[in-house]
Amino acid sequence: MKVQTRLSLYSSLVFVVVFAILSFLIYALFYKNMERSIYSNLEQASLITAYFHLEEDELNKEDFENIRNQFKQLVLNDHYQIYNIHNEITWGESSSIIADETLDKIREKRKFAFVDSDFFCYGIYYEDNQGDFVVIAKEKKSVLSSQVMSLLWILGGLFIVGVLAIIALSKWISYIAYRPFRRIIDQVKSISTNNLNVEIESPDTHDELQDLTETFNELLKRISEAVVIQKNFVSYVSHEFKTPLASMLGNLEVFSIKNRTSEEYKELAQKLIREIHQVEEILDTLIIVSDLRKDSEIISSTRIDELIWEIICKINDRYPSSKILVNMDIAVEDESLLFVHMDATQLLLALFNLIENAVKYSQGNTVNISLYKKENKLHVSIIDKGIGIPPEQLVDVSKPFYRADNTNQIQGSGIGLSIALRIIEKNAIKYIIESKENIGTKILLIFDSKNR
């Protein structure tokens, strides 16, 4: 059952329950008030009846005439009885006799309301110079029953009309209320695995639905990023593994053609060892990217300026035309700032990737590396004058295998920067990346007391 239908059903059930409770209360209050009103009128009628039959000799003509008129107005029928002390009917109708026990109770209580057969009755004990009497006024139950039945018909009609109205209104209201849900469902249905780079239109309702939509958009964005990363990952793995595996396979095929000397076998073994080390390095890189490796427990105190010089030597071997300038602005008394307490291998890998990227994307321009003290913290900035990063793509550079649109002409896999930033984040090193397209990129690393 759809939520919209369930909402209509629940609304109707709630209305039925509430209306039934209210109807019962209305019925009970109406019946009680009508009964009280009948007994009040019967009490007055019994007094007028007593005055009319028993006080004629004690009232003047004018007063008795008023009593007569009231008797005609209030006692419209013969449903009254006057009993003497012998429980005999002196005046009134004699079709139904009141039990002696009831008459005695009236004498005892002076006033008593009760029900007898088909009548509501009210009796009073009246003392007169002619004797002591019990005066009883009666009203047929059918008078109240007809009024109660009219009320029941009214409530029943209102109930049927109300149920039909609430069903129609609840369906209409739920249709309007769930219109944003249907719109979102239609948009979600249009999403395919080939096009995840979409966003569900926010209903702008400022409620849970808008929160759900925004959360779903965030999830969709992460899924889209994961799909892109997966595609790039497959491309990277197939490319990186193909070269060493093809080399090993080729060497083994050549060697299998004829017998070789021990020196040739030794040379082949060394080549295979190098290729295996290359495959191992690729696997290590992938493990770091996927965060499968636990935080390193190999912590040591490393002097960062020495690490940078070591990296520069390696980069000069790989990029002979590179130009790297290092500016050390650390006083002798602040030499302790240069010591970083973390895994030296991870720090080497992070700095190497950052500096290599700066050299690679500078395209021959000078890369400036500065080490200086600011706010009692070590700051390391790497500035290049290369192609830069488009501002709208700057937020994506930390994603594995992501490459900006302007890097297509430069060889790379988009993994180096993500590895570096992941290592930096793991070791609680603050960083800031600033870049302008065709002007250059600046990466600032800030080492505080947590890293020393």
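For the structure itself, look to the data block above.
Residues numbered from 1 in each chain as written. Predicted model: local features only at pLDDT ≥ 70, side-chain atom pairs only at ≥ 80, totals over all residues. Heavy atoms only, no water.

Q: It is not clear to me how the sheet that holds strand 11 (residues 430-436) should be interpreted in this structure. Could you clarify?
A: Within a beta sheet, neighbouring strands are joined by backbone hydrogen bonds and run either parallel or antiparallel to one another. Pairing in this open sheet of 5 strands is mixed, and the strands run 7-9-10-12-11 from one edge to the other. For this open sheet the edge positions go to strand 7 (323-329) and strand 11, each flanked by a neighbour on one side alone. Shown here is a sheet whose adjacent strand axes are inclined to one another by a mean of 15°, direction ignored. As paired elements, strand 11 and strand 12 (residues 440-447) share 7 bridges and run antiparallel to each other. Residue pairing across strands places Lys430 opposite Ile446, the latter belonging to strand 12. The sheet contacts of helix 9 (residues 344-362) involve strand 7, strand 9 (366-374), strand 10 (377-384) and strand 12, and relative to strand 10 the element is tilted by about 30°. Lying on the sheet, helix 10 (residues 416-426) is in contact with strand 11 and strand 12; it crosses strand 11 at an angle near 150°. (Pairing = 2+ DSSP bridges. Helix = DSSP H or I, 4+ residues; strand = E, 2+ residues; numbered from the N terminus. Axes fitted to C-alpha atoms, helices over the stretch in contact; angles between N-to-C directions. Contact = heavy atoms within 4.5 Å.)

Q: It is not clear to me how the sheet that holds strand 4 (residues 119-128) should be interpreted in this structure. Could you clarify?
A: As summarised here, the arrangement of the 5 strands in space is 2-1-5-4-3, forming an open sheet in which the pairing is antiparallel. Because the sheet does not close on itself, it has two edges, and the strands there are strand 2 (89-92) and strand 3 (111-116). Adjacent strand axes in the sheet meet at a mean angle of 25°, parallel and antiparallel pairs treated alike. As defined by bridge partners, strand 1 (residues 80-83) adjoins strand 2 across 3 bridges and the pair is classed as antiparallel. Considered in strand 2, the bridge of Gln81 is made with Gly92. Against the sheet, helix 3 (residues 100-109) touches strand 1, strand 3, strand 4 and strand 5 (131-140), its axis set at about 155° to strand 3. Lying over the sheet, helix 4 (residues 141-177) contacts strand 3, strand 4 and strand 5, oriented at roughly 30° with respect to strand 5.

Q: Before we go on, may I ask you to explain the packing of helix 4 against helix 5 (residues 179-189) in this structure?
A: Describing two packed helices takes the angle between their axes plus the distance from one axis to the other. Where helix 4 contacts helix 5, the two axes come as close as 4 Å, and the packing angle between them is 45°. Accordingly, the angle class assigned to the pair helix 4 and helix 5 is oblique. Together, Tyr175, Ile176 and Ala177 of helix 4 and Arg179, Pro180, Phe181 and Arg182 of helix 5 make up the contact between the two elements. Partitioned by chemical class, the residues of the contact of helix 4 with helix 5 number 5 nonpolar, no polar and 2 charged. (Parallel < 35°, antiparallel > 145°, perpendicular 65-115°, else oblique. Nonpolar A, V, L, I, M, F, W, Y, C, P; charged D, E, K, R; others polar.)

Q: What exactly am I supposed to notice about the environment of Arg303 here?
A: Among the secondary structure elements, Arg303 is positioned in strand 6 (residues 300-303). A polar contact of 2.8 Å, which involves the side chain of Arg303, links it to the side chain of Asp305. (Polar contact = N/O pair within 3.5 Å; in protein donor to acceptor, adjacent residues only side chain to side chain.)

Q: Looking at this structure, how should I read the pattern of salt bridges?
A: Under the definition given, this model contains 10 salt bridges. For the salt bridge of Lys138 with Glu93, the shortest nitrogen-to-oxygen distance reads 3.2 Å. Taken as a pair, Lys138 in strand 5 and Glu93 in the loop between strand 2 and helix 3 lie far apart in primary sequence, 45 residues in all. Across the pair, exposure class does not vary: Lys138 and Glu93 are buried alike. Between Arg318 and Glu356 there is a salt bridge, and its shortest N-O distance comes to 2.9 Å. Of this pair, Arg318 sits in helix 8 (residues 304-318) while Glu356 sits in helix 9, and the two are 38 residues apart along the sequence. By relative accessible area, which is 10% here, Glu356 ends up buried. Each of Arg303, Asp305 and Glu335 takes part in a single network of salt bridges with overlapping partners. (Salt bridge = Lys/Arg side-chain N within 4 Å of Asp/Glu carboxyl O. Buried < 20%, exposed > 50% of the residue type's maximum accessible area, 1.4 Å probe, protein only.)

Q: I would appreciate a short explanation of the packing of aromatic side chains in the present structure.
A: In this description, a pair of aromatic rings is defined by centroid distance and the angle of the planes. Per the stated rule, a full pass over the model turns up 7 aromatic pairs. With a centroid separation of 6.3 Å and an interplanar angle of 50°, the aromatic rings of Trp91 and Phe133 are classed as tilted. Of the two residues, Trp91 sits in strand 2 while Phe133 sits in strand 5, which places them 42 residues apart along the sequence. Residue Trp91 is classed as partly exposed on the basis of its relative accessible area of 26%. (Phe/Tyr/Trp six-rings, centres within 6.5 Å; stacked < 30°, edge-to-face > 60°.)

Q: Help me understand the packing of helix 8 against helix 9, please; the structure alone is not making it clear to me.
A: Interhelical geometry of helix 8 versus helix 9 gives an angle of 50° and a closest axis separation of 10 Å. The pairing of helix 8 with helix 9 is recorded here as oblique in orientation. Remark: the crossing between helix 8 and helix 9 carries right-handed chirality. Judged by residue contacts, Ile304, Leu307, Ile308, Glu310, Ile311, Lys314, Ile315 and Arg318 of helix 8 engage Ala344, Leu347, Leu348, Leu351, Phe352, Ile355, Glu356 and Val359 from helix 9. Residue composition of the contact of helix 8 with helix 9, grouped by class: 12 nonpolar, no polar and 4 charged. (Left-handed = near helix turned anticlockwise from the far one by under 90°.)

Q: Looking at this model, I keep getting lost on helix 3. Mind explaining?
A: Each α-helix turn comprises 3.6 residues. Residues three or four places apart therefore point the same way. Looking at helix 3, one finds that the buried residues are Thr102, Leu103, Ile106 and Arg107. What you see down the axis of helix 3 is that its buried residues fit within an arc of 140°, all on one side. Relative to its buried face, helix 3 has exposed residues pointing more than 90 degrees away, namely Glu101 and Glu108. Of the surrounding elements, those touching the buried residues of helix 3 are strand 1, strand 3, strand 4 and strand 5. (Arc of directions from axis to C-beta.)

Q: Looking at this structure, how should I read the nonpolar core?
A: The nonpolar side chains of a soluble globular protein tend to be buried, and buried together. Ranked by internal contacts, the top residues of the largest apolar core, which has 40 residues, are Ile304, Ile308, Ile355, Ile369, Val380, Leu445 and Phe447. Broken down by element, the residue count for this core peaks at 9 residues, all from helix 9. With sequence-adjacent residues up to four places away left out, Ile308 is seen in contact with Leu351, Ile355, Ile369, Leu371 and Val380. Counting 24 residues, the second largest nonpolar core, distinct from the first, contains Phe64, Val75, Ile82 and Ala137. (Core = buried A, V, L, I, M, F, W, Y, C linked by side-chain atoms within 4.5 Å.)

Q: In this structure, what is going on with a negative patch on the surface? I would like to understand it.
A: Where like charges cluster on the molecular surface, the negative patch consists of Glu199, Asp207, Glu208, Asp211, Glu214 and Glu218. Looking at where Asp211 falls in the secondary structure, it is placed in helix 6 (residues 208-255). On the basis of relative accessibility, which here comes to 47%, the residue Asp211 falls in the partly exposed class. (Patch = residues over 30% accessible without salt bridge, like charges linked within 9 Å, V, L, I, M, F, W, Y side chains within 5 Å. Areas by Shrake-Rupley, 256 points an atom, 1.4 Å probe, with all protein chains shown as cover. Lys, Arg positive; Asp, Glu negative; His and termini not counted. Charge placed at Lys NZ, Arg CZ, Asp CG, Glu CD.)

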